[in-house]
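An overview of the molecular structure
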Amino acid sequence: MMLDDFMVRAALAGLGVVLAAAPLGCFVVWRRMAFFGAATAHAAVLGVALSLALTISVFAGVLAVALLMAIVVNLLTDRGYAMDTLLGVLAHAALAFGLVAVSFITDVRIDLMAYLFGDILAVGRHDLAIIWGGAGLVLLLMLWRWQALLTATVSEDLAYAEGFDPRREGLILTIALAIIIAVAIKVVGVLLITALLIIPAAAARPFSTTPERMAGGAAAVGIISVITGLLGSWHLDTPTGATIVCSATLLFIFLNVASIVKRSSEAR
Amino acid sequence: MAPSQRMMSAHAQPLIRATDLRVRIGGNAVLEHINFTISPGEIVTVVGPNGSGKSTLLRALIGAIELNAGHIQRQSDLRIGYVPQRLHIDPTLPLTVRRFLNLPKRHREADIQQALERAGIASHRDAPMAGLSGGQFQRALMARALLDRPNLLMLDEASQGLDQTGTADFYRQVEEIRNALGCGVVMVSHDLHVVMRAADRVVCLNHTICCQGHPEDVSVDPEYRALFGTDDEEALAIFRHDPHNHPHDDTEAQS
């Protein structure tokens, strides 16, 4: 039987991540935070090193470092360097210091590849609880702040005029991003986390007319990617996290081409 | 201060009272010593040369700009309908006109439909915001601002992209809205001609408030003339020769 227990756990882990990543990924796309997401994810390697050194849970260590990174970036922007320069410095510094720090930990042999590219097939019951807990929290945050976040994304001034602070909404997004990175590290690894945020959202864009449909579409693309990616990696014996991202990319290409074909046939 | 300054609706509690505002952006003093109030039912127009801080003043009043000094007091149940100068909606964000009007509060379908009909864009209900023309976009912004029945309407160059007739209609509409909702209106504009007609009070801004008062008084104020020259005789002519639209009568009738 194909759906062994570890495959079921892998599927559930992947579904939890893509469901929460769908609405959050839409905001990452709309607010052009892709590089911000990638930078925060890179910092997660430092979090892994710290949590191994301090023997605390990897989830807690990564969450702390990702949050710290996000807050430092927020504080330092508009202080002389452009956002992308700052992110470039901090992301790669965190990655490099993380890699160096990991090499100091001699008593534990750790499989760095598992953190860089994920190890979804090794997800245990405890991991599943953390993933769904974090994903549920992100979904709740998104639902709770949806209208305010959308208004702040359309225009910060409109948000101010309506009496809420767009900086606070931005902070909520940052926190949600840190949570997703912390829970997704086991599923796709730090190098591919941003892909799960951006690719489903971008794939859903051509056939969406409202923000809600785009978030729903992103969730659908994410679910299909996880399932086909798992099946694909089973049959082809390929790395699972990467195969899931490949599935999502193929859907992205298919939906965009389909949209172009549809529009040009309507124009005729 | 200019002799034209006069007290406005002294008995009504102001919607916003700004005291001694100072705003610096990148080391430049954009606003200095701004004292400004807006009361219910009052239409105030802010005029001034490009870069004189008009938009910054509006944005400071809605709380979007950190003040370097001074403070802003807002009436407790203040509901601001804000129409920004321009709004860039990222092309990756799918947003129909109807969805835009439902931000940040959702409204009943019937209210949305009515607002769209009043704005004359009902046929564009399900069109993407990005597909609207400049004028339609502006009307959508206005319709959204009015949906929550604001008691203060703030318009930043809201008539841009409209032709002359459109502009005149627009300001007539602003007066109608003021009369219907009893809201205060603060607007920033370049259209000196029309603005002079529609306002109860004109605030002439050039980083500081150089003069303010009734349009007719302001237009002869030496400070105003220094800023705008005397080439707006035409504006004065329109203003003087149209006693039926004398806006000040309106306010006095109300108060």
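Note: the structure precedes this text.
Notes on the structure follow. Because the structure is a prediction, the values reported are computed rather than measured. (Residues numbered from 1 in each chain as written. Chains lettered and ligands numbered in written order. Predicted model: local features only at pLDDT ≥ 70, side-chain atom pairs only at ≥ 80, totals over all residues. Heavy atoms only, no water.)

All right, on to the pairing of strand S9 (residues 208–213) of chain B then. Residues and elements named next belong to chain B. Most of S9 is tucked away, with five of its six residues classed as buried. Where strand S8 (residues 201–206) lies against S9, five bridges are found, and the strand directions are antiparallel. Looking across to S9, one finds that Val-202 is bridged to Gly-213. Following S8, the chain reverses through one residue before pairing antiparallel with S9; His-207 in that reversal takes a positive phi of roughly 70 degrees. (Buried < 20%, exposed > 50% of the residue type's maximum accessible area, 1.4 Å probe, protein only. Helix = DSSP H or I, 4+ residues; strand = E, 2+ residues; numbered from the N terminus. Pairing = 2+ DSSP bridges.)

Right, let's talk about the sheet that holds strand S6 (residues 152–156) of chain B for a bit. Backbone-to-backbone hydrogen bonds pair the strands of a sheet. The strands run either parallel or antiparallel. Residue and element names in this part refer to chain B. Reading across from one edge, S5-S6-S7-S3-S8-S9 is the order of the six strands in this open sheet, with mixed pairing throughout. Every interior strand has two partners, whereas the edge strands, strand S5 (80–83) and S9, have only one. Across this sheet, the average inter-strand angle for adjacent strands is 15 degrees, counted without regard to direction. For S5 and S6, the ladder comprises four bridges, and the chain directions are parallel. Residue pairing across strands places Tyr-82 opposite Met-154, the latter belonging to S6. (Axes fitted to C-alpha atoms, helices over the stretch in contact; angles between N-to-C directions.)

In this section: unusual backbone geometry. In this structure, the amide linkage connecting Leu-103 of chain B to the following residue, Pro-104 of chain B, adopts the cis form with an omega of -5 degrees. The backbone of Arg-32 of chain A shows a phi angle near 55 degrees, a positive value even though the residue is not glycine. Along the chain, Arg-32 of chain A falls in the loop between helix H1 (5–30) and helix H2 (34–53). Positive phi is not limited to glycine here, since Asp-20 of chain B has a value of about 50 degrees. Within the secondary structure layout, Asp-20 of chain B lies in strand S1 (residues 16–25).

Below, the discussion takes up helix H5 (residues 164–181) of chain B. Residues and elements named next belong to chain B. In this model H5 runs 26 Å from its N-terminal to its C-terminal C-alpha over 18 residues, within 8% of the 26 Å that 1.5 Å per residue would give. Burial in H5 covers these residues: Gly-166, Thr-167, Phe-170, Tyr-171, Val-174, Glu-175, Ile-177 and Arg-178. Just beyond H5, the residue with positive phi is Gly-182, at close to 65 degrees. (Expected span 1.5 Å × (residues − 1).)

Attention now moves to the interface of chain A and chain B. Each side of the interface is counted separately: chain A has 23 residues, and chain B has 26 residues. Interface of chain A and chain B: buried area, both sides summed, is about 2200 Å²; carbon and sulfur atoms make up 57% of it. At the junction of chain A with chain B, the criterion picks out six salt bridges. Across the pair Glu-66 of chain B and Arg-167 of chain A runs a salt bridge, and its minimum N-O distance is 3.7 Å. The tally of links from chain A across to chain B stands at 10 residue pairs in polar contact (both at pLDDT 80 or more). Mapped by element, the contributors of at least two residues to the side of chain A that touches chain B are H1, helix H6 (125–154), helix H7 (156–161) and helix H10 (211–236) of chain A. At five residues, the largest contribution of residues to the side of chain A that touches chain B is made by H6 of chain A. Within the side of chain A that touches chain B, the residues separate by chemical class into 11 nonpolar, six polar and six charged. (Contact = heavy atoms within 4.5 Å. Buried area = accessible area lost by both parts, 1.4 Å probe. Salt bridge = Lys/Arg side-chain N within 4 Å of Asp/Glu carboxyl O. Polar contact = N/O pair within 3.5 Å; in protein donor to acceptor, adjacent residues only side chain to side chain. Nonpolar A, V, L, I, M, F, W, Y, C, P; charged D, E, K, R; others polar.)

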